[in-house]
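# Remarks on the overall topology
Here are the chains, one letter per residue:
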Amino acid sequence: MSSDHYAPTIQPAELADVEARLARTWADPPGFLGWLMTVDHKRIGRRYIVTAMVFFVLGGLLALAMRTQLARPESGLMGPDRYNQLFSMHGSTMMFLFAVPVMEAVAVYIVPLMAGTRNISFPRLNAFSYWIYLCGGVTIFVAFLLDIGPEAGWFAYVPLSSSAYSPGKRTDFWAQLITFTEVAALAVAVELVATILKQRAPGMTLGRMPLFLWAMLVTSFMVIFAMPAVMLASSFLISDRLVGTQFFNVAEGGDALLWQHLFWFFGHPEVYIIFIPALGMISTIVATFSRRPVFAYPYMVLALIATGFLAFGLWVHHMFATGLPHLGNSFYTAASITIALPSAVQIFAWIATIWSGRPRFATPLLFVIGFLAIFVLGGLTGVMVASVPLDLQLHDTYFVVAHFHYVLIGGAVFPLFGAFYYWFPKITGRLLDETLGKWNFWLFFVGFNVTFFPMHYLGLIGMPRRVYTYPPGLGWDLWNLVATIGAYLIAISALLFVFNVIRSLRSGARAGDDPWQAPDLEWATSSPPPPHNFTYLPIVQSAEPLWHSDEIPVVRGATGDKREVLLTSAVEAAPGIRWQMPEPSLWPLVSALALTVLFIWSVFSPWGVVWGAIPVAIALTFWFWPSKSEQSE
Amino acid sequence: MRPAPWIAVVALPLAGCAGVQSALDPAGDEAATIGDIWHLMLGVCGFMFALTMLFLAWAIVRGRRAREADAEARHEPALSLALHGWIALVVAGLAVLAIASFLVDRRLLAPATDVLRVRVTGMQWWWRVEYPSDDPGRTLVTANELHLPVDRTSEIELRTEDVIHSLWIPNLAGKLDLVPGRVNTLRVTPRRIGGFRGQCAEFCGLDHAWMALDVRVESADAFEAWRQRHLAPAKPPLSAGEREGAQLFVQKPCVMCHAIRGSDAAASTGPDLTHFASRATLGAGARPLTREALAMWLADPNRIKPGVHMPAVPMTAAERDRLVDYLMSLE
């Protein structure tokens, strides 16, 4: 802990004493067992990020295989069975194992630091969330390698995904992947809401809260409201397949479109669940590198909240071609077009911030500028597909593939890479290399556009999605080849990033506490932060605490002998009570493993739910067994 | 016969502009109407994109020059004014697009007179096409080809017998799904005589890529002539080879799935083959229909269309030749 942010009234001897006590109190048990038992949000956040990036690479490799197959018409590289598994796995991996988890993973690491607290709320639940996520991801990839991976797409429309048209266990594994990842995502969402609303540093009122925290608050509420819809849908699907219910069977009075409603009621907010955290990252990076606060802060907050609400009102634009009543469709056109407004406001505010600031064009800001160029284009094609009649031409074509890669890679992955360059020094204590970073950016930017821009045209000239091959002579050959070349450029860029990370971990420049002269609290502690995050909890007096005072006032008085965090009020962040945090524990891991057994067992037999519940109950009982040291104050 | 690769590189993008499966080359009212809103969207969105990129470029250029601490508060009122102007502009642009979209949607729903009714049923992975008549004996059944008269509105009833499919003929209209338990109606009013290609646009399983529809827009007379020809039962086999093939067709499992009107084959699980030889493609667009392709198909349909539900029927090469003789005679 660097002492220079603290009031000079604290004597060095006292500081050293408190630091030692805190380090002892918050330390994990040593060794591998400690690694398994940890409830430290930084260790869990780190492994969450690394795991999500591994799945990003795997999902990218699946995409490369698909692009290689599509480089030529009637390519014999693979048949439809393999290809369908590839695109189903690619979509499922990128959505469920990369995009949502990686955003939550960064938040798990950064949010408590930015809020100025010692750990995330419900830290054992946090550990459990990671393990269940890891088990889910490993399960689906093992299934894929055993040739029982999903084959009905990441959207798994019924009746194609029903047992009649998708026999075997492939779709059951897909449906259970959903259960795994939803449990993990919901757990983190609850932790983040509690952390952001109840654990902010004293004085960090809602009006002073960094935009990244706002973004994660909105995202977490969206997760809580959106995920149950898809869990319901996948549970219906599993029970249709496993125990013969008829939710989706038209012949027995079920409804095929019910699936689409439930899936997209989750699926569209899902896109914003991925995108809104990125908006928070962008605001953070833009402010730091423009050396001024983000312009129009109240508008930015309102834009985030408006996006969160509107995102739930436009799922039907995925279903314009299903033949729903036209008047209803028009409502969803209006809602889908309206959501462009909050994005437009934010884009203006970021550019205005750069315009009126003194920008440093370091790699994080480069990625944000790349985001602006790509995302604006993707947002505008989004306005196009929101129109019912136009969507009837564009829906399920490569135009849509281009559109959503522009908004998801442009809107989320570019900011995410910017965030990596930005927060890597905080997490590791070392800076990523800037020269490699610029190469990384430019290769990604060029490769991305070479890959996805031609797809707009491919869709317009008639190429549908999800085809494993296509006949020559339709004018699609050249642009498919170009897109494939672009995909390899992206792969090179990703390799460069991995190389940069490995090299910088070993020999990168030392970062110090605050290499970017940033305004937020995570930079008020050492890099990497100690287990207890802050020796003294900071008190916040402005929206950019590190910019407005050389010394941060701190909370004093606690001895540091207990694992305690300070709870503050939700709006004003007035200090309330001290709250005892749980100790490290092995039971979250055991519970996750027991639940994994239940989930996999239930793929094969409904009795798995019954017998599998017993070990889960035992593990949870031990997890929540009160220990003598635990008492609330 | 293959053109040099460089010709392909130059010609293909151009070919796309006038493609047989392109939304950019409307050949019917519905596609042209959607083309209007596409052009409006392209104009408005292109303008907004250019405006945003100009502002971004200005911010970057200005930022590169800014050295000293700029009195940022000085710009705040101007930026605030610009933000409100921007919001007004975006709201106006979005309102124009939303209203235009609504009006175009209404235009697509305007009632039509003298409508030709067609029924298309989707199956993994082919299309049954029917031209119903009040007299059941006059209902025309075919597969994977859709003939339409020019300058007349056709209403295509869409049904599915298995999973969800989506009928998309981009030159003529937007796509519409075939949903179990529902009947959707796609309206097309072709304005140009010619051949177009439709394709299934909703992922429907293994052979989603090979579920194409050969669309022929013809003059009213040519369409009527085609319909009369195809209402007639199959041509009886003439040569000895054809007769032997016809025998084989009803002796082998072929008859379990296919119909050939005028013969004993009357099943409807697979495509109707009454006028099979007049079609342009085999396996719903998987190959151009030739004797060689058909022989290969009969030997093992999976080699041409992996995953297809039609099994490889055991038979000798000679038997296969006779069957090809017969099927290729069904003009």
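What counts and what doesn't
By convention here, each chain's residues receive numbers from 1 onward along its written sequence. For naming, the first written chain is A and the first written ligand is 1, with later ones following in the order written. Thresholds applied to this predicted model are a pLDDT of at least 70 for local features of residues and 80 or more for the giving and counting of side-chain atom pairs; totals over whole chains, interfaces and linings are not thresholded and use all residues. Whether two residues are in contact depends on their C-beta atoms, placed from the backbone: they are in contact if these lie within 7 Å. Helix numbers and strand numbers start at the N terminus; a helix is a DSSP run of H or I with at least 4 residues, a strand a run of E with at least 2. Lys, Arg, Asp and Glu make up the charged group, whereas Ala, Val, Leu, Ile, Met, Phe, Trp, Tyr, Cys and Pro make up the nonpolar group; the residues left over, Gly among them, are polar. For every domain, the bounds stem from an assignment made automatically or drawn from a database. Paired strands are those between which DSSP finds at least two bridges. Under this scheme, a helix contributes an axis fitted over its contacting stretch, all axes are lines through C-alpha atoms, and angles between N-to-C directions fall in the 0 to 180 degree range. Counts of 20 or more other C-beta atoms within 10 Å of a residue's own C-beta define buried residues, counts of 12 or fewer define exposed ones, and intermediate counts define partly exposed ones; C-beta atoms are placed from the backbone. Should an angle fall under 35 degrees it is called roughly parallel, over 145 degrees roughly antiparallel, and 65 to 115 degrees roughly perpendicular, with every other angle called oblique. Each crossing gets its hand from how the near helix is turned against the far one by less than a right angle, where anticlockwise is left-handed and clockwise is right-handed.

Before going further, it helps to spend a moment on the interface of chain A and chain B. Listed by partner, the interface residues are 67 residues for chain A and 74 residues for chain B. Where the side of chain A that touches chain B is concerned, the elements lending two or more residues are α4 (80-115), α8 (256-290), α10 (326-338), α11 (340-356), α12 (363-386), α13 (388-394) and α16 (477-507) of chain A. Per-element accounting of the side of chain A that touches chain B gives the leading share, 11 residues, to α11 of chain A. Grouping the constituent residues of the side of chain A that touches chain B by class yields 44 nonpolar, 17 polar and 6 charged.

To continue, consider the environment of Glu130 of chain B. All names here are of chain B. As for its position among the elements, Glu130 is in strand β2 (residues 126-131). For Glu130 and Val120, which are 10 residues apart along the polypeptide, the C-alpha to C-alpha distance reads 6.3 Å. Not counting residues within four places of it along the chain, the set of residues in contact with Glu130 comprises Arg119, Thr139, Leu140 and Val141.

Time to look at the domain arrangement of chain B. All names here are of chain B. Annotation of chain B at the domain level lists domain 1 (15-108), domain 2 (116-230) and domain 3 (240-327). The C-alpha centroid of domain 3 is placed 22 Å from the C-alpha centroid of domain 2. Contacts between domain 2 and domain 3 engage 16 residues on the former and 15 residues on the latter. Secondary-structure elements contributing two or more residues to the side of domain 2 that touches domain 3 are β2, β3 (140-143) and β10 (212-218). A per-element tally of the side of domain 2 that touches domain 3 places β3 first, with 3 residues.

Residue and element names in this part refer to chain B. Here we have 5 strands laid out as an open sheet, ordered β3-β2-β1-β5-β8, and mixed in their pairing. Strands with a single pairing partner mark the edges of an open sheet, and in this sheet they are β3 and β8 (184-188). Taking the axes of each pair of neighbouring strands and ignoring which way they run, one obtains an average angle of 25 degrees across the sheet.

Residues and elements named next belong to chain B. Read from one edge to the other, the open sheet built from 5 strands follows the order β4-β10-β9-β6-β7, with strand pairing classed as mixed. Of all strands in the sheet, those bounded by a partner on one side alone are β4 (145-149) and β7 (176-178). Between one strand and the next, the sheet's axes are offset by a mean angle of 25 degrees, whatever the strand orientation. Note that strand β6 (residues 165-168) and strand β9 (residues 194-200) share 2 bridges and pair antiparallel. Bridging across to β9, Trp168 finds its partner in Gln199. Against the sheet, helix α4 (residues 220-231) engages β4 and β10, with an angle of about 135 degrees to β4.

Take unusual backbone geometry next. Residue Pro528 of chain A is bonded to the preceding Ser527 of chain A through a cis peptide linkage, with omega at -10 degrees. One can find Pro528 of chain A in the loop between α16 and α17 (545-548). Cis geometry is adopted by the peptide bond preceding Trp125 of chain B, which originates at Gln124 of chain B and carries an omega value of -5 degrees. Among the structural elements, Trp125 of chain B can be located in the loop between β1 (116-123) and β2. In the Ramachandran plot, Asn144 of chain B falls in the positive-phi region, its phi being about 60 degrees despite a non-glycine side chain. Position of Asn144 of chain B relative to the elements: it lies in the loop between β3 and β4. Its 24 C-beta neighbours within 10 Å are what place Asn144 of chain B among the buried residues.

Moving on: the packing of α11 of chain A against helix α2 (residues 29-65) of chain B. The relative placement of two packed helices is expressed as an angle between their axes plus a distance between the axes. At a minimum axis separation of 8 Å, α11 of chain A and α2 of chain B run at an interaxial angle of 20 degrees. Taken together, the axes of α11 of chain A and α2 of chain B lie roughly parallel to each other. Considering only the axes of α11 of chain A and α2 of chain B, their crossing is left-handed. Taking contact as the criterion, the partners of Ile347, Ile351, Ile354 and Trp355 of chain A in α11 of chain A are, on α2 of chain B, Thr52, Phe55, Leu56, Trp58, Ala59, Arg62 and Gly63 of chain B. The residue makeup of the contact of α11 of chain A with α2 of chain B, split by class, is 8 nonpolar, 2 polar and 1 charged.

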